[in-house]
Amino acid sequence: MTGFPSHLVRDDLRDFTGYSSARTSSAAIAAPARIWLNANESGLPSQADPDGHSRRYPDPQPSMLVDAFADLWATTPDRIVVGRGSDEMIELLVRALCRPGADAMVVSSPTFGMYAVSARLHGVPVVDVRQHEDELTWRVDTDAVREAAVEAGAKIVFLASPGNPTGSVVPLRELADLADALADQAVLVVDEAYGEFAQQRSAATLIEEHPTLVVLRTLSKAHALAGARIGIALAHPDLATVLRRVQAPYPLSVPATELALAALTESALAATHRRVMETVGLREVVARQLRDLPGIRAVYASEANFLLLRSDDPDALLHTLISAGIVVRDLRHLPGLQDALRITIGTSLEMSAINHVLGEESA
Ligand SMILES: *Cc1c(COP(=O)(O)O)cnc(C)c1O
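Just so we're clear, the structure is a prediction, and the values are computed from it rather than from any experiment.

Draft legend 1. Spatial organisation of the site of the ligand. Around the ligand, the neighbouring residues are Gly 85, Ser 86, Asp 87, Phe 112, Asn 164, Asp 191, Ala 193, Tyr 194, Thr 218, Ser 220, Lys 221 and Arg 229. One of the backbone N or O atoms of Asp 87 is found 3.0 Å from an oxygen atom in the ligand. Residue Asn 164 places a side-chain N or O atom 2.8 Å away from an oxygen atom belonging to the ligand. Coverage of the ligand by the protein chains reaches 94% of its 380 Å² of free accessible surface.

Rendered as C-alpha cells:
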C-alpha cells in the first residue's frame, strides 16, 4: 500500500487521539464483559423506545454500516468514515488538514456552498478557480486548479463531480493526475453526492492507487435519506484514522444507522437503482421540454438529479413558478449566475406540473 504523507495533517493534531469514549476505550478486562456500568446510561429502556435500541451510546463507527459501505464501494472498512452527512465529512477534512488562518483551500465555482462555509468557520482562506462553460457543459480547469493550489500552498482541493449546481463531471483521469501532482502538498476531495446519477465510474475506484484522494458519498440524494443525515468519506486508512479522531464522539444515532442499513440491503439498492434510472430518464425529457420554451436561454447538460438553466427573465420565471406553489433554487446571488435557477428532478407528476405551468405561461 502506498503511504499517506502524514505531514499533510495539521502538525498540532498529528498525535491527537481524540475523546476516549465509553465505546472506544477498551480497558483490559479479565473476563468477558457482562454488565455495562461505564457510561452512565439508563439501566431500563425509555417508554419511547420499549425495545431499548437507543438506550445505550452507539458504536462511534457502527461496524455493520461501515462493512456495508465497504462492500458497496468494493473497498476495505479501514478506508471508510461515516458521519452526519457529507457536510460533516467536509468539516472534518478542513479541521484535520488546515491550520486556522494559515492553510488555504481551493474550490472551483460555481460549486457547493458548504466548502466555503467550512473554510470560513475554520478561518481558512478560499482560492476560487472559476469553471468554464463549453457549449452547455461546465468544465473544471484542473491545470489551473493545480497551479492555484501550488501558488496558495493549499492543503485541500474540493471538487464536486457531478458538480452542484453545474451537473457536470470531472474526468477520472484528470482527478487522478491532479491528486498525484499535488500529493506532497494537498488532499484532493472528490465530492460524489450525485455519483449515482453519473455515467462515469466512481473515483472510489482510484483511492487505493492515489493515497491523497478522498471521495465523499451520501445517502441524501439517490438513496432518498436526506433526513437520516448519513455521509461517508472514503480515504487512505491513515487519513481515515485522523478523521475519526477529530470527529465528535457518537456521530450517528441508532435510528439513523438502522435506516441506513435498511437502505443498503440488496432489494433496497435495487429499488434505488430503479429510481435513479427513472430520474435520469425524466431529466432528459424535462431538459428537452425546457429547451423548447421561449425565454429559456440555456439548459445545461446534467449528470445529476437537477437541471441548471438560464432565463431571459428570471424574475418572471420564478414568479410564475412560485405563484403555482412550485419552489426551485434561485441562484441569482451567485457570481455569473444572475439569470440562473436550479430545478430538482422530482416525480413525473411534479415535472408535469412544471411543464404545465410554464407551457401555459408561454401559450
Ligand atoms: C447535497 C450535497 C451534499 C450532501 O450533503 P449531505 O450533508 O450528505 O446531505 C454534498 N455535496 C454536494 C455537492 C451536494 O450537492
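What follows picks up the thread again.
Draft legend 2. The pairing of strand S11 (residues 306–311), seen in detail. With six of six residues buried, S11 lies mostly within the body of the structure. Alternating residues of S11 divide into Phe 306, Leu 308 and Arg 310 and Leu 307, Leu 309 and Ser 311, and every residue in both groups is buried. By the bridge criterion, three bridges tie strand S10 (residues 296–299) to S11 in an arrangement that is antiparallel. By the bridge assignment, Val 299 is partnered in S11 with Leu 309. Here S10 hands over to S11 after six residues, the two strands then running antiparallel side by side.

Draft legend 3. Representation of empty space enclosed by the protein. This model, assessed by the stated rule, comprises two cavities of 30 Å³ or more. Estimates place the volume of the largest cavity at around 40 Å³. Every residue lining the largest cavity is listed: Val 9, Leu 13, Arg 14, Phe 16, Val 242, Arg 245 and Val 246. Among the residues making up the lining of the largest cavity, the classes are represented as five nonpolar, no polar and two charged. Considering only enclosed or pocket space, the second largest cavity measures out at about 30 Å³ in volume. For the lining of the second largest cavity, the secondary-structure elements that each account for two or more residues are helix H8 (266–291) and helix H10 (348–362). Here the lining of the second largest cavity is composed, by residue class, of five nonpolar, two polar and no charged.

What counts, and at which threshold
- Residues numbered from 1 in each chain as written.
- Predicted model: local features only at pLDDT ≥ 70, side-chain atom pairs only at ≥ 80, totals over all residues.
- Heavy atoms only, no water.
- Near = heavy atom within 4 Å.
- Polar contact = N/O pair within 3.5 Å; in protein donor to acceptor, adjacent residues only side chain to side chain.
- Areas by Shrake-Rupley, 256 points an atom, 1.4 Å probe, with all protein chains shown as cover.
- Buried < 20%, exposed > 50% of the residue type's maximum accessible area, 1.4 Å probe, protein only.
- Helix = DSSP H or I, 4+ residues; strand = E, 2+ residues; numbered from the N terminus.
- Pairing = 2+ DSSP bridges.
- 1 Å grid on protein atoms, 1.4 Å probe; cavity = no way out; pocket = protein on both sides within 12 Å on 5 of 7 lines; lining within 4 Å.
- Points joined across faces, edges and corners; volume = space filled by probe spheres on them.
- Nonpolar A, V, L, I, M, F, W, Y, C, P; charged D, E, K, R; others polar.

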